[in-house]
Amino acid sequence: MNTGGSIGIGLRHAHYGELIETRPVLGFVEIHSENFFAEGGAARAVLAEARALYPVSLHGVGLSLGAAAGLDPWHLDRLARLVEATDPVRVSDHASFARAAPSGAGPVLHANDLLPVAFTEASLAIMAANVAQVQDRLRRPILVENLSAYVAWSDQDMDEPAFFNALARRTGCGLLLDVNNLVVNALNDGVEPVRAACDWIDRLDAAPVGEIHLAGYCDLGDIVIDDHGSRVHAPVWDVYRHAVRRLGPVPTLIEWDTDVPALAVLLDEARQAERIQAAVR
């Protein structure tokens, strides 16, 4: 198995054949869990080939860990089956919600988006209960990722790092630190992004951090979008250096999900992350 380094890239459809044929040196590959829920077929065959070459990290977008309406049993069942078939090195999802019963009862609607939770004791209790349910079913800890959020709740009674620290202590889960999301949120808040993101990281407990995400963003002038559609921007690399100094050489993913480039471009970004880890060490 190819296990060089701790830097990974996403396993995307455009690169299936080339990745398996050329077998570049990578620490792991990441898949979006929901894309592989169907058992059998071509997608699972490719995943099996990739799993024979690299450790695999499962990253989901649909658990809705912050939903007061609870988890979707079908979704959790499919995730559990995928975990059993793949034996991934990590399983992760977001600190968000997508499921809600608008009137408090009746059918639960799915928003098909990563909606931000309020950083309150009530939200923490809901997310902790949902995370515990997932971990009990999967029989392993999961990682929970910080969000790029374009709205915020007015009744928050703790800051975001404190929320994640409390979640990890309460449930034993790990944390997936998305550095790009920190920079995007700071830019949209109108504050200096590197300083704000580094301060955020300094308030986070280091031990639970099990993976870091790096990606590109799109600056539209009046808003910055976390689109994962370009090379990692300079402020994100600056914050990543600080994260590595504080947290150590945490496994790191280069995320690229829109306007997916040639495989060589992703590998070049991965090598940059490797150089930063080596320089900090």
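Structure first, text after, so check above.
No experiment lies behind these values; they were computed from the predicted model shown.

1. Description of helix 8 (residues 234–247)
Phase 1: When the terminal C-alpha atoms of helix 8 are compared, their 20 Å separation across 14 residues agrees well with the 20 Å that a helix rising 1.5 Å per residue should span.
Phase 2: Buried residues of helix 8: P235, V236, W237, V239, Y240, H242, A243, V244 and L247, and no others.
Phase 3: In the segment just after helix 8, G248 is the residue with positive phi, at about 90 degrees.

2. Considerations on the packing of aromatic side chains
Phase 1: Counted by the stated rule, this structure contains five aromatic pairs.
Phase 2: For the ring pair W237 and Y240, a centre distance of 6.2 Å and an interplane angle of 65 degrees mean the geometry is edge-to-face. In this pair, W237 and Y240 are both assigned in helix 8, three residues apart and thus about one turn of the helix distant. As far as burial versus exposure is concerned, W237 and Y240 are alike and both buried.

3. Some remarks on the nonpolar core
Phase 1: Among the nonpolar cores identified, the biggest contains 80 residues, and V144, L177, I212 and L214 are the most heavily contacted of them.
Phase 2: When neighbours within four sequence positions are excluded, V144 is seen to be in contact with L65, D93, H94, A95, M127, V131, F164, L167, C173, G174, L175 and L176.

4. Structural notes on unusual backbone geometry
It is generally the case that most residues other than glycine have a negative phi and that most peptide bonds are trans.
Phase 1: Although it is not a glycine, D87 adopts a positive phi angle of roughly 50 degrees.
Phase 2: Turning to its location among the elements, D87 is positioned in the loop between helix 3 (73–86) and strand 4 (90–94).
Phase 3: You will see that R139, though not glycine, has its phi angle at about 60 degrees, which is positive.
Phase 4: Positionally, R139 belongs in the loop between helix 4 (121–138) and strand 7 (143–145).
Phase 5: Residue classification places R139 among the exposed residues on the basis of a relative accessible area of 76%.

5. Considering the pattern of salt bridges
Phase 1: Counted according to the given criterion, the structure contains 16 salt bridges.
Phase 2: R78 is the partner of E39 in a salt bridge, and the nearest nitrogen-oxygen pair spans 3.4 Å. Taken together, the residues E39 in the loop between strand 2 (28–32) and helix 2 (41–53) and R78 in helix 3 connect sequence positions 39 residues apart.
Phase 3: The class of E39 is partly exposed, set by a relative accessible area of 46%.
Phase 4: Between D77 and R137 there is a salt bridge, with the nearest N and O atoms lying 2.8 Å from each other. Note that D77 is positioned in helix 3 and R137 in helix 4, a separation of 60 residues in sequence.
Phase 5: Three or more residues are tied together by salt bridges with common partners; here these are E39, D77, R78, R81 and R137.

What counts, and at which threshold
- Residues numbered from 1 in each chain as written.
- Predicted model: local features only at pLDDT ≥ 70, side-chain atom pairs only at ≥ 80, totals over all residues.
- Heavy atoms only, no water.
- Helix = DSSP H or I, 4+ residues; strand = E, 2+ residues; numbered from the N terminus.
- Expected span 1.5 Å × (residues − 1).
- Buried < 20%, exposed > 50% of the residue type's maximum accessible area, 1.4 Å probe, protein only.
- Phe/Tyr/Trp six-rings, centres within 6.5 Å; stacked < 30°, edge-to-face > 60°.
- Core = buried A, V, L, I, M, F, W, Y, C linked by side-chain atoms within 4.5 Å.
- Contact = heavy atoms within 4.5 Å.
- Salt bridge = Lys/Arg side-chain N within 4 Å of Asp/Glu carboxyl O.

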